[in-house]
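Reading the structure
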Amino acid sequence: MWLIPLTHTHAATPSEIIASAIVEQSTSKQRDLVISLKGNPAPEVVILLEKWKAGEIFLYQDPEGNQIPVYLTGKASGDGTLATSRVSTGAALISPDGNPVRLDPSAEEFVDTSSGLRRAMKEVSDLAAFANPDFKKRLRAIEDSAIGQNPEKIPSLETLRSTEKNPLVLRAIDQAIAIINLKSNDPKLRTEACKKLGELNSIAAMDPLKTLAAQSAKSSDRITEKAALGAMNRIESHISTINIFGTLFRGLSLGSVLLVVAIGLAITFGLMGIINMAHGEFIAIGAYTTYLMQHFLGAGLDLSPFGKSLSIPGLHLASASNSYFVFALPASFLVAALFGILLEWSVIRFLYRRPLESLLATWGISMVLQQLLRLIFGSNNVQVTSPNWLSGNWTINDVLFGWNRVFVIAFAAIIILMTWLVLNKTSLGLMIRAAMQNRNMAACMGIRTEHVNTMTFAFGCGLAGLAGAFLSQIGNVGPSLGQNYIVDAFMTVVVGGVGNLMGTVISALGIGLADQSLQQILRNPVIGKIVVLACIILFLQWRPAGLFVARSRSLD
Amino acid sequence: MNASPLSARIHNGILAISAFIILVVFPTLNAMGIIEDFTLNLWGKYLCYGILAVSIDLLWGYTGLLCLGQALFFSLGGYMMGMHLMLMIGKLGQYKSALPDFMVFLGHSTLPTFWVPFQSFPFAFSMIFLIPGLMALVFGYLAFRSRIKGVYFSILTQALTYGASLMFFRNDMLMGGNNGFTDFRTLLGANLRIASTQRLLYISTAILLIIVVMLCKWLTRSRFGLVQRAIRDSENRVLFSGYSTANFKLFIFVVSAVIAALAGALYVPQVGIINPSEMTPEKSLEAVVWVALGGRGSLVGPVLGAISVNALKSWATREYPDLWLLFLGTSFVLVVMFMPTGMIGLPSQLQALAKRMKRKSTEP
Amino acid sequence: MNPKPILLAAEGLNKSFDGYKAIHELNFYLDEGELRTVIGPNGAGKTTFLDLITGRTKPDTGTLAWDDSKHDLLRLNEYEIYRLGIGRKFQTPTVYTDHTVMENLILSLAGSRGIFHCLFGKTSSNQLDRIESILETIKLTSHAHRKAGTLAHGQKQWLEIGMLLAQDARLLLVDEPAAGMTDEETHRTGELLLSLAGKHTIVVIEHDMTFVRQISQGRKVTVLHQGQVLCEGPVEKVQNDERVIEVYLGRKSKAA
């Protein structure tokens, strides 16, 4: 045999072993050769075995009478032939006349496999997946191995268990073995498997357990039925625990979104009594500023405001796509704050004592701003890319923690901290609080209240801009972006009680949690939302002034 | 009351002439073929908006309650009428089924129970009053009892409307979902797709508008009107004059909800469609714009505002679709800031301005 | 035995705003037909006391009984208390500025305050006569159709007193009626209150000691201090009370 000299010169590669197995005449030796590859992590093992099994390996007889196993590559030419590669090395097969050998698959006979051989192959390829160095892929392979509950998989799982170190993978192995054992004929093995799955809180085992319970009920196998039902109970209570934690987490993150969009409103409405219906458009301004920053630091942007074309040159920073958000945050705050100053100066300052009029005038402003955004950026949503890491997640004990939600919560916490610091630790904050508590007194003490009003309003609008930058990372950016949040934002502030940041924080988180819990219970997001609105109205029956009341003796 | 008898008589004369033109001249000219069917139909729509505007003014201009839920009551009235009209289509729909098309589409085989009585017009007609009225009664009771007022009331009514529109957007509400109701055929046996029926609908709208304006005039002139305006100006003081402001506000809230609902019920057969987009808070605010531009605290102002803004809108959205919203938004801001009495108050505002200028120029 | 029934009895009233005790363990009894003057330095709780009686604020603890304990005022709201016959004139004149003088009085007329009545009720000729006479009393006959907002400060005070008259209340709570009035107007206000004294029970809150002396005329004066009754008695006795001189009159008389 031409192979034998090779095996003497160096240790045979997996491909060479497979090649020799293909030409081997004795089926038992063939099996032994294949089995010898067990646990070999080389990827070509699985690929070649799959080809063999699928009938894609052919034998080429060279002029010297040697059988050379080959597979076909490339595209079929006009005469239906394909190029060939050696199984042993993957190199193209060249005939003695120097031309590459081409074969017509329909004219040749492929190398057949016996059922025993196929079983051995399966064992090898299963184990190969189990040996994958990436533990996530390994985990996946193990979890998949339980599908079909095939007892033949147990030996390879057992083999793996003796060497595996990762606790998550070990748990998956136990789970897979137990699930397979549910189908065992040995009643003792079955009840033990049930017990094990219950202990593991295995969600994947729910369906097989259900089947087992039904079957054993039919065959009046009381013991197995009881074991299966017991395991199911345990797992179900585990599932509801997960749901509770998941709901809490989602509620917390929804509450954080509400908090971020409402915090600016808590300043303008809560502290100043201005109903800024254009608050949503300030959010949109912040989002579009983020969009502009992304392109300004990147490749630039072509716009066509009012039908004229406008090109914004880009700085082409290499790291723009990951770092632009850091620059976009202050930019969106400043741009929104500037628009806020403009609005306060041109409209709001005339309406301080007329809250209903301020509501209407700012709604007119919102109409104008929305249309301007539409005319500048188009009425379709624009693309704001968010960093890749936002799409990742952590799974802790079956509860999924999406990083985007973690980001939302962290962002809200930072914003609240910042706002609190500005209001309580800066001289601007001191003036704001003084002017809001007693305008005349503050004026007497030499505080320029008009100036403070402008700055307060600008601060509130800037916070709306930050909310826009934030929303651009977790959703679509379009001209009516703010409209989706305005009702919720007002509700949050009203429930929290006017003039109290703490109230807004608690009410935002409370509404977020209530919304998510009701969604979980009612299994319908819209009905959940409507019930939340109804609850808010009823809540205001009980506390008409919101959670925290700023008590005062003055009239009205 | 301040107006001199002569100017009051002129005022009433103008009103009577406008009423005559709207009620008699327009339909007659239409019947003679001078006014196109399309135009008359458009005016029928404007008049419905006019009624809606009066209902807002009754709350906002006279009682100081800025309600952002009037679009909800308007569409509820429209939906009640729409349910009857849907059932009157009979088997003429696309699916040739006795069920409304959207139900067949959703896979229903029998009419839901709450739809059945709407086959009767008297029932549907009473529901136009009852459903919006009850809704206003319950919501108003809760809101006024806990003394929610001013902007809080506005924000809550906005939320109510928002919640209701979410509800109606859903298919399993069985109210047509996104697409609402359309493809109406007959009302009380009359074919809705011929000019004479539409003319009758127009006349009914004009009559309703005149009745509503007269009713409101009487209401605001009675002692009730005194209390109403007192609530607007100084609600706390009214409590110390022994009036239960909550009851007064509740009464006027329900009355105005029913007026809006009637307008909606007449709107639907003329426009031929009702869907949840009519129910959004923005629609309420749009109607508030008409009132503000026309002049709140008067009864003619809102009607004038509704007609002129909508006539302008029909023209401008065709000619200048991009600039229309910019123009409307800006003029609304200016009116709110500088013209609290709107178009109707502009003459007296100019008069006062002229007087001041004169005084300034005569003074050294 | 008490010859007259006790109209208003306040016992153990407490009310604090954010820790500040505006009313502290206050006991106060008022007989039917009395004209009582209540004085006290700023922040003594005079206006808060009226707020408690009229239901504008509710006390933290204590009781407020009306008409020989027939009604518990704490369980009623503002307009229900008003309907028992308790009328109030506010410290700063609070009239309906956009209504005419006439309309202000019509709104205050005694009678049903139901919606139905307001819609269909007509102002009777009797009532119109009554308004006529009130207008005369408060010297506003020629201003009947002017908007109340355009009146002078003193006229607004009078209009508000006129509204009390129109109401025909059993108890009139009058908060600083003389504030912002000329001496002559003040004197006339005093006479008006004295003329009402027999028909109505009246509580007057006042700073102006001349005015107090004019209207009290041997009647009981109550001195409030830090939310409590400091002393009660005829004006002469009160004026000579050491504690009163210390907290209030002493400073005041020195200034005068």
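A brief structural summary. (Residues numbered from 1 in each chain as written. Chains lettered and ligands numbered in written order. Predicted model: local features only at pLDDT ≥ 70, side-chain atom pairs only at ≥ 80, totals over all residues. Heavy atoms only, no water.)

1. A few points about the overall build of chain B
Helices and strands together make up the secondary structure of chain B, namely 13 helices and four strands. In terms of overall dimensions, chain B is globule-like: its C-alpha atoms have a radius of gyration of 22 Å, near the 21 Å expected for 364 residues. For chain B, the spread of C-alpha atoms along the principal axes amounts to about 85 × 55 × 40 Å. In chain B, which comprises 364 residues, the share counted as buried stands at 54%. (Helix = DSSP H or I, 4+ residues; strand = E, 2+ residues; numbered from the N terminus. Rg over C-alpha atoms; globule rule 2.2 N^0.38 Å. Buried < 20%, exposed > 50% of the residue type's maximum accessible area, 1.4 Å probe, protein only.)

2. Structural notes on the pattern of salt bridges
Using the criterion set out here, one finds 28 salt bridges over all chains in the structure. Close ionic contact of B:Arg232 with B:Asp233 constitutes a salt bridge, the shortest N to O distance being 3.1 Å. One salt bridge in this structure joins C:Arg170 and C:Glu32, with 2.9 Å as the shortest N-O distance. Placement of C:Arg170 in the loop between α6 (153-167) and β7 (171-175) and of C:Glu32 in the loop between β2 (20-31) and β3 (35-39) is noted, with a sequence separation of 138 residues between them. Judged by its relative accessible area of 29%, C:Arg170 falls in the partly exposed class. (Salt bridge = Lys/Arg side-chain N within 4 Å of Asp/Glu carboxyl O.)

3. What to know about the interface of chain C and chain B
Taken together, the contact between chain C and chain B spans 30 residues of the former and 26 residues of the latter. When the two sides are added together, the surface that chain C and chain B hide from each other amounts to roughly 2700 Å², 60% of it contributed by carbon and sulfur. Sorting the residues of chain C by area buried against chain B places C:Tyr96, C:Ile115 and C:Leu119 first, and these three jointly supply 23% of that buried surface. For the pair chain C and chain B, the number of links is four salt bridges. (Contact = heavy atoms within 4.5 Å. Buried area = accessible area lost by both parts, 1.4 Å probe.)

4. Focus: the interface of chain B and chain A
In this complex, chain B contributes 41 residues to the contact, which on the side of chain A involves 43 residues. Here chain B and chain A share an interface that buries about 3800 Å² over both sides, 78% of which is from carbon and sulfur atoms. Per-residue buried area on chain B facing chain A is highest for B:Tyr152, B:Ile155 and B:Met337; these three make up 15% of the total on that side. Inspection of the chain B/chain A interface yields one salt bridge. In this structure, B:Arg296 and A:Glu357 form a salt bridge, with 2.9 Å as the shortest nitrogen-oxygen distance. Looking at the side of chain B that touches chain A, the elements with two or more residues in it are α5 (121-145), α6 (150-169), α10 (281-294) and α12 (321-338) of chain B. The element best represented in the side of chain B that touches chain A is α6(B), accounting for 12 residues. Along the lines of polarity and charge, the residues of the side of chain B that touches chain A split into 25 nonpolar, nine polar and seven charged. (Nonpolar A, V, L, I, M, F, W, Y, C, P; charged D, E, K, R; others polar.)

5. Things to note about the packing of helix α21 (residues 525-542) of chain A against α6(B)
Packing of α21(A) against α6(B) brings their axes to within 9 Å, and their N-to-C directions diverge by 155 degrees. Taken together, α21(A) and α6(B) sit at an angle that is classed as roughly antiparallel. Classified by chirality, the crossing of α6(B) by α21(A) is left-handed. Facing A:Val526, A:Lys529, A:Ile530, A:Leu533, A:Ile537 and A:Leu540 of α21(A), the residues of α6(B) in contact are B:Leu156, B:Ala159, B:Tyr162, B:Gly163, B:Leu166 and B:Met167. Each residue belonging to the contact of α21(A) with α6(B) can be placed in one class, and the counts come to 10 nonpolar, one polar and one charged. (Axes fitted to C-alpha atoms, helices over the stretch in contact; angles between N-to-C directions. Parallel < 35°, antiparallel > 145°, perpendicular 65-115°, else oblique. Left-handed = near helix turned anticlockwise from the far one by under 90°.)

6. Observations concerning the side chain of C:His99
Take C:His99: it is sitting in the loop between β6 (86-89) and α3 (101-108). Within polar-contact distance, the side chain of C:His99 engages the backbone oxygen of B:Leu226 at 2.9 Å. Beyond its immediate stretch of four places on either side in the chain, C:His99 contacts B:Leu226, B:Arg229, B:Ala230, B:Asp233, C:Asn104, C:Leu107, C:Arg146, C:Lys147 and C:Ala148. (Polar contact = N/O pair within 3.5 Å; in protein donor to acceptor, adjacent residues only side chain to side chain.)

7. A few points about helix α9 (residues 245-271) of chain B
In an α-helix, one turn spans 3.6 residues, which is why side chains three or four residues apart end up on the same side. Between its first and last C-alpha atoms α9(B) spans 38 Å; for 27 residues at 1.5 Å apiece the expected length is 39 Å, and the two agree. Among the 27 residues of α9(B), 22 are classified as buried, and the element is accordingly described as predominantly covered. (Expected span 1.5 Å × (residues − 1).)

8. A short note on the sheet that holds strand β9 (residues 220-225) of chain C
Residue and element names in this part refer to chain C. Here six strands make up an open sheet; going across it, the order is β6-β7-β8-β3-β9-β10 and the pairing mixed. Each edge of the open sheet is held by one strand with a lone partner, namely β6 and β10 (228-234). Averaged over all pairs of adjacent strands, the angle between strand axes in this sheet comes to 20 degrees, irrespective of strand direction. Here β9 runs beside β10; their pairing, made up of six bridges, is antiparallel. Note that in β10 the partner of His-225 across the bridge is Gln-228. Sitting on the sheet, helix α1 (residues 46-54) touches β3, β6, β7, β8 (201-205) and β9, and the angle it makes with β6 is about 145 degrees. (Pairing = 2+ DSSP bridges.)

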